[in-house]
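# Tertiary structure, described
Listed below, chain by chain, are the residues.
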Amino acid sequence: MIRRTLSSPPILWLKRHPDVLGAVLVGLVAATLRAAFLLRAPIFVTGDSESYLGPAVDLARGLGLDLSLKRTPGYPGFVALVMSVLGQDLRSLLFAQHGLGVLTAILTFGLGRWTFGWPVGLTAGLLTGINGALVLSEHTILTEALFVPLVVAALTALVSALRTGSVPLYALAGLLLGAAALTRPVAQALVPLVPLAVVLVERRLRPSLGYSAVAIGAFGLSVLPWVLWSVSEHDSATVGSLGQTLVGRTARHDRGAFSYYVPALDDGDPDVRRLYARQVLQEAAERGSSGKAIHTRLRRELGLSAAETDRLMRDLAIEAILRRPGYYVQGTLQRFVRLSLGSVERFGAYRNAADVARQRWEDDESRDLLVPASSAEERAAPTSAALVSLYQPSYLGAALPLLSVVGLGLSLARPAWRPAALVGLAAFTLLFISAALVGNVSRYRFPVDPLFAVLGLGAVMTIIQGSAFNVQRLRLARAGMRDARELPATGALNVERESETPRVAGFGGR
Amino acid sequence: MTGDTALTSNWQACLRRSWSFLRAHPDACALLAVCLVALSFRLSFSLRVAPFVSKDSQSYFLPAWDLVHGGDFQLGLRRTPGYPAFLALCLMLFGEDLRGITLAQHLLGAGTAALTCLLGRLTFGRLSGIVGGLLVGLSAPLLTYEHYLLTEAVFGFVLTAALVTLAAAWHRSSARLWLLGGLLVGLASLVRPIGQLLLPLGLLAAALVGPRQPRPALARAGLVLAGFAILVVPWTIRNQLAYHLATASTFGRTLIARTAYYDHGFVFYDAERPPEDADPRRAPARRIVQQGADRRESDGGIAQRLRQELDLDPVEVNAIMRDVAIDAIIRQPVHFVEGTLRFALRIFNGVEIRIRDHDNERRDVVWEDRVRMLLVGGPQSEDDFRAASRLLNWYQPARYAPLQLVLFSVGLVAAVLVPAWRAGVLVGLAVVGLIVVSAALDGPQERYRYPADPAIGVLAAGGVVALGRLGGWGWARYGKLPTSATALTPQPPLPREGEGVGG
């Protein structure tokens, strides 16, 4: 009976299509957890949510897009699109965001599958599917809900492109990277990794140049309209604003550590506005004011445009950093380590933050959409908290980041796994840039969680396979087998076999 | 190879691969397309409007609520456990928000569209599957009733799944499929008792398909019956133990609703010629029913009076209502048949869906205190309401009812005439049976048509395919093309196991 069942057409079909099986399994687990959470928990917002939701509501109601210089249009555009298609109830937005969460888990499966093999893909996908921190971020009106799937999708497309040499996939990866940069500007830091990864894998100049040009060209095309809009509106050809961010990092997160105004050095500055700005920044640094507050004050008091203010803030922040470079590097490294370790995300903390943010909400158009927790949601709070506590990467402490370092090392060492190096480099780049420019904000780790899962599990799988191989070799050696060395190389994962799959001819790639 | 050429060939290779995948898996692609259309349509609607409730909703919801919250599973005598069990599952999965239930029902609705695509593929071929699936995917009444806390969405899904399985079993004659078909018919009966109607159809199909040999036919019918019994018998035993009533459901109240509330002209009690009843309670019961009919009281009101005035328990009330109604029907059989046909046509025609009517229905509903807080109000914004209303205008089957009736009839006739399409007869009979029995036992409630909508869509699409073939044959016969008598003979959707193409 069991044998007949196992040889039935659906089972045989699944045996022939293990990737479909893996994706469906991961999708089902991720969707079940999100379905259980979606209507049990109230809508989460933070202080930053207003600056995205307000413009999004205006856009959805046909009032145009009015974004501050610091914000990029990806997330407000996404929110407006969801509101237009699914309705203005914010629960529709959460539904869409959780849908993207399911997609993230499936993409993580794909990423693991194409880097370290099917078992790693499945485990990483499942871990991402039940990651409570990601579920909480998808339930919050903030960029991470869109940024995480975009980053994972871009890397999956890129890894797939590196493995197959498919030009359309390179173009897709570039477009997705552009969309990620329009959601959170930090994704721009991943662009230099594209040629690096292509060179690592291709090891030849011509195809490397061709593929990189396609990916970077597609990236440029996707961000170009926004850059042109920024030029026309703000006289600034950038995506995002570095000035506010850097001042936030140096004045708020490193409160009192950096000096913007040292009378002995700066009183001689001939530029009066610059001198005044120094004093304002110094005052703000002593009080721990936010970058936004400083930006508003400077604009108002100095009569500058948004872009001019941002440039001024950027220059002064860099100057302050250069005055204490050692401290800045030390602080950045500390934050990088803390961010890598992560912290446990608690349901109660999100709920409390949402209550505070709702009370301080100023935007009239979007205020009505924020409803306080219903009695049913209050009653369901323990269940909701339990659901997001099933698994969080921070439970594993330093294990996952350390294993990820090992995974990165292994992928750099073994040519067949080289595409996985991209995943590791992207993860550590994102963390480092976040630590350097902003600080230890726990949500900045979320995009890295799926990447760490793939790298960490890849390292574990390699260690297990390597150990098994060595044990086997030892046994054979003891049994008197002369040529134990003739055994196949350790860690012969599926990936190595699959790397022999024919590649589409393009730019003379291998 | 230059860079440009390489780039072009790479893109071309990608397009070629996509095209060859499409050609290699046309059914999977059709199914995916139907699913995507149905799902997008439902998602655009589902969170714009608060869930709809009718007066009947509470009788399904309360048992589910009590079950989840550790209470008893108290179900009304005429209710079956399938839908309350589904509601309990939804409450456990999504929590107490009613939108979770409607979301799940919309997902089932998308599943129904996919199943319709399969049903069309199995009966009249791929084209009818795609057309039928899209019609179901965009149907306003189906979308609306998926948004209700009522049995229609779940029943429609299970019913279509049962038809798909039986049609697949018809073609492949697989023992597992016959058994699964029986199980699904049993499940449909536990969601709505009228699902039992599929059992004789399933048995008939099992008996008629394949070579005319009694033993295999009996074995197939036995499998269908066994599958049905596995699910229905335990519930029947439970009813026997609880109410001394060995049936899956009761129909006393529904028959009274049919004869006394929806229909006019039935005589339950003639004061000038009072019937001689052995049961002393029968005569006052007739009087009460007659008074109820004269005053246009609902079946619930009549049942309450019977219970209070004659001091009867619910089982006795149901039995006496059933007997009084059957007596009246037996006395006026022509009136009953005429009314049934009239109601059946009304059910088939359906009504145009106006969202405002369904949203307003919520105002007439009063739920018990312990669940009242779950009833949320109307939509949050007028924009959402208008957008939802616009969506419902995409496809209203009631607007095309005469055309649909004609195409349905053509499809049914074609299924009878063309051997390769014969599984369509099973689908057509299921539709006719469901509508006529609903009209005969329940009355002209348009919503009773909606679970049969997928099957109607398939038959109507089959009618289009048949007319197309006929037109092609006529063109070939009398037009410019060379005559070909085989042009009318369609290719079978799937070859039967052990038989050549054409069966």
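Residues numbered from 1 in each chain as written. Chains lettered and ligands numbered in written order. Predicted model: local features only at pLDDT ≥ 70, side-chain atom pairs only at ≥ 80, totals over all residues. Heavy atoms only, no water.

### As for the overall build of chain A
The condition is simple: Strands are runs of DSSP state E lasting at least 2 residues, helices are runs of H or I lasting at least 4, and numbering of each runs from the N terminus. Three labels apply to residues, based on accessible area from a 1.4 Å probe with only protein chains included: buried if under 20% of the type maximum, exposed if over 50%, partly exposed otherwise in between. Here, two residues are considered to be in contact whenever any of their heavy atoms come within 4.5 Å of each other. The Shrake-Rupley method, run with a 1.4 Å probe sphere, supplies the accessible areas, and residue values consider only the shown protein chains as cover. For the purpose of counting charges, residues Lys and Arg are taken to be positive, whereas Asp and Glu are taken to be negative. His and the chain ends are not included. The location of each charge is read from NZ of Lys, CZ of Arg, CG of Asp or CD of Glu.
Within chain A, the secondary structure is distributed over 26 helices and zero strands. Considered along the principal axes of its C-alpha atoms, chain A spans approximately 85 × 55 × 40 Å. The buried share among the 510 residues of chain A stands at 55%. The long-range share in chain A, meaning contacts at least 24 apart out of those at least 6 apart in sequence, stands at 76%. Carbon and sulfur atoms provide 63% of the accessible area of chain A, an area that totals close to 21,400 Å². On chain A, the mean spot of the 51 positive side-chain charges and the mean spot of the 38 negative ones are 12 Å from each other.

### Focus: the overall build of chain B
Selection criterion: As defined in this context, the radius of gyration uses C-alpha atoms, and a globule is described by 2.2 Å times the residue total to the power 0.38.
Per the secondary structure count, chain B includes 22 helices and zero strands. For chain B, the C-alpha radius of gyration of 25 Å lies close to 23 Å, the compact-globule estimate for 503 residues. Taking the principal axes of the C-alpha coordinates as reference, chain B spans close to 95 × 55 × 40 Å. In chain B, which comprises 503 residues, the share counted as buried stands at 53%. Residue pairs at least 24 apart in sequence account for 76% of intrachain contacts in chain B once pairs closer than 6 positions are excluded. Accessible surface, chain B: about 22,200 Å² in total, of which carbon and sulfur atoms supply 63%. When the 49 positive and 40 negative side-chain charges of chain B are each reduced to one mean point, those points stand 10 Å apart.

### What about the packing of aromatic side chains?
What counts is decided by this rule: Two rings from Phe, Tyr or Trp (for Trp, the six-membered ring) form a pair when their centres sit within 6.5 Å of each other. Planes less than 30 degrees apart are called stacked, planes more than 60 degrees apart edge-to-face, and all others tilted. Criterion for a charge above a ring: Lys NZ or Arg CZ within 6 Å of the ring centre, and within 35 degrees of the ring normal.
Counting across every chain of the model gives 27 aromatic pairs over all chains. Ring geometry for Phe-37 of chain A versus Phe-347 of chain A: centroids 6.2 Å apart, planes at 85°, classification edge-to-face. Separated by 310 residues along the polypeptide, Phe-37 of chain A in helix α3 (residues 18–38) and Phe-347 of chain A in helix α19 (residues 347–360) bring together distant segments of the chain. Just as Phe-37 of chain A is buried, Phe-347 of chain A falls in that class too. Members of the aromatic cluster, connected to one another through ring pairs, are Phe-37, Phe-44, Phe-347 and Tyr-350 of chain A. For the cation-ring pair, Arg-414 of chain A lies above Trp-417 of chain A, with the distance from its terminal atom to the ring centre recorded as 5.2 Å. Of note, Arg-296 of chain B hangs over the ring of Tyr-261 of chain B, and the distance from its end group to the ring centre comes to 5.4 Å.

### Remarks on helix α25 (residues 449–478) of chain A
Quick note on the threshold: What a helix should span is 1.5 Å times the count of its residues minus one.
With 30 residues, α25 of chain A should cover 44 Å at 1.5 Å per step; its first-to-last C-alpha distance of 43 Å lies within 8% of that length. Looking one or two residues past α25 of chain A, Gly-480 of chain A carries a phi angle of roughly 90°, positive in sign.

### Topic: the confidence of the model for chain B
Interpretation of this model should avoid reading the predicted coordinates in detail wherever pLDDT is low. Residue and element names in this part refer to chain B. How we decide: The pLDDT value expresses, per residue, how confident the predictor is, ranging between 0 and 100.
Chain-level statistics for chain B give a pLDDT mean of 87 and a share of 92% at 70 or above. Taken element by element, the predicted model of chain B shows its lowest mean pLDDT in helix α1 (residues 3–24) (74) and its highest in helix α5 (residues 98–123) (96). The model gives residues 483–488 a pLDDT under 50, and that stretch makes eight contacts with residues more than four places away or in other chains. Contacts from residues 495–503, a stretch scored under 50 in pLDDT, to residues over four places away or in other chains number 13 contacts. What the predictor reports for the complex is a pTM of 0.87 with an ipTM of 0.84.

### Concerning the environment of Gly-252 of chain B
Relative to the helices and strands, Gly-252 of chain B resides in helix α12 (residues 252–262). For the pair formed by Gly-252 of chain B and Ala-303 of chain B, sequence separation is 51 residues and the distance between their alpha carbons is 9.5 Å.

### Description of the pattern of salt bridges
Going by this rule: The term salt bridge refers to a pairing of a side-chain nitrogen on Lys or Arg with a carboxyl oxygen on Asp or Glu at a separation within 4 Å.
Tallied over the full model, the rule gives 51 salt bridges over all chains. The salt bridge involving Arg-297 of chain A is made with Glu-301 of chain A; its shortest N-O contact spans 3.2 Å. Taken together, the residues span about one helical turn, with Arg-297 of chain A and Glu-301 of chain A both in helix α16 (residues 291–302) at a distance of four residues. Put simply, Asp-263 of chain B and Arg-342 of chain B hold a salt bridge, and the shortest N to O gap is 3.7 Å. Residue Asp-263 of chain B is located in the loop between α12 and α13 (282–294), and its partner Arg-342 of chain B is located in helix α16 (residues 333–349); the two are separated by 79 residues in the primary sequence. One connected set of salt bridges, linked through shared partners, spans Asp-48, Arg-71, Glu-144, Arg-184 and Arg-443 of chain A.

### Description of helix α7 (residues 118–129) of chain A
Residue and element names in this part refer to chain A. The terminal C-alpha atoms of α7, which comprises twelve residues, lie 16 Å apart, in line with the 16 Å expected from a rise of 1.5 Å per residue. Within α7, the full set of buried residues consists of Val-120, Gly-121, Leu-122, Ala-124, Gly-125, Thr-128 and Gly-129. Buried-residue contacts for α7 involve α3, α6 (90–115), α8 (132–138) and α25.

### Considering the confidence of the model for chain A
All names here are of chain A. For chain A, per-residue confidence averages 87 on the pLDDT scale, and 93% of positions sit at 70 or higher. The secondary-structure element of chain A with the lowest mean pLDDT is helix α26 (residues 494–498), recorded at 44, while α8 shows the highest, at 97. Scored below 50 in pLDDT, residues 489–502 shows 27 contacts in the model against residues more than four places distant or in partner chains.

### Some remarks on a nonpolar patch on the surface
All names here are of chain A. Cut-off, in case you're wondering: Exposure above 30% relative accessible area and the absence of a salt bridge qualify a residue for a patch, where like charges join within 9 Å and nonpolar side chains (Val, Leu, Ile, Met, Phe, Trp, Tyr) within 5 Å.
Side chains of Trp-13, Val-20, Val-24 and Leu-28 sit close together on the surface and give an oily, nonpolar patch of about 350 Å² of accessible area. Relative to the helices and strands, Val-24 resides in helix α3. For Val-24, a relative accessible area of 44% puts it in the partly exposed group.

### A few points about the nonpolar core
Quick reminder of the rule: For the purposes of this section, nonpolar cores are sets of buried Ala, Val, Leu, Ile, Met, Phe, Trp, Tyr and Cys residues that join through side-chain atoms within 4.5 Å.
Judged by nonpolar contacts, the single largest core of 226 residues is most densely connected at Phe-37, Leu-53, Phe-78, Leu-90 and Tyr-170 of chain A together with Phe-61 and Tyr-83 of chain B. Of all the elements, helix α9 (residues 144–164) of chain A adds the most residues to this core, at 14 residues. Setting aside its immediate chain neighbours within four residues, Tyr-170 of chain A contacts Leu-158, Ala-161, Leu-162, Gly-165, Val-198, Tyr-211, Val-214 and Ala-215 of chain A.

### Describing the packing of helix α2 (residues 26–46) of chain B against helix α19 (residues 382–392) of chain B
Residues and elements named next belong to chain B. The following threshold applies: Every axis corresponds to a line fitted to the C-alpha atoms, with the helix fit spanning only the stretch in contact, and the corresponding angles, defined between N-to-C directions, vary from 0 to 180 degrees. Orientation categories follow fixed angle ranges, with anything under 35 degrees roughly parallel, anything over 145 roughly antiparallel, 65 to 115 roughly perpendicular, and all other angles oblique. For a crossing to be left-handed, the near helix must be turned anticlockwise from the far one by less than a right angle; the clockwise case is right-handed. Note that Gly is not counted as nonpolar here; it falls among the polar residues with everything else outside the nonpolar set of Ala, Val, Leu, Ile, Met, Phe, Trp, Tyr, Cys and Pro and the charged set of Asp, Glu, Lys and Arg.
In contact at an axis separation of 9 Å, α2 and α19 are set at 150° when each is read in the N-to-C sense. In terms of orientation, α2 lies roughly antiparallel with respect to α19. α2 and α19 meet at a crossing whose hand is left-handed. Contacts from Phe-41, Ser-44 and Phe-45 of α2 reach α19 at Ala-388, Leu-391 and Leu-392. When its residues are assigned to classes, the contact of α2 with α19 shows five nonpolar, one polar and no charged.

### Section: the environment of Ser-236 of chain A
All names here are of chain A. Checked against the element boundaries, Ser-236 lands in the loop between α12 (205–234) and α13 (242–253). Accessibility expressed as a relative area gives 9% for Ser-236, which makes it buried. Considered as a pair, Ser-236 and Ala-307 are 71 residues apart in the sequence and their alpha carbons are 6.0 Å apart. If we ignore the near neighbours within four places in the chain, the residues touching Ser-236 are Leu-69, Val-227, Ser-230, Val-231, Ala-307 and Arg-311.

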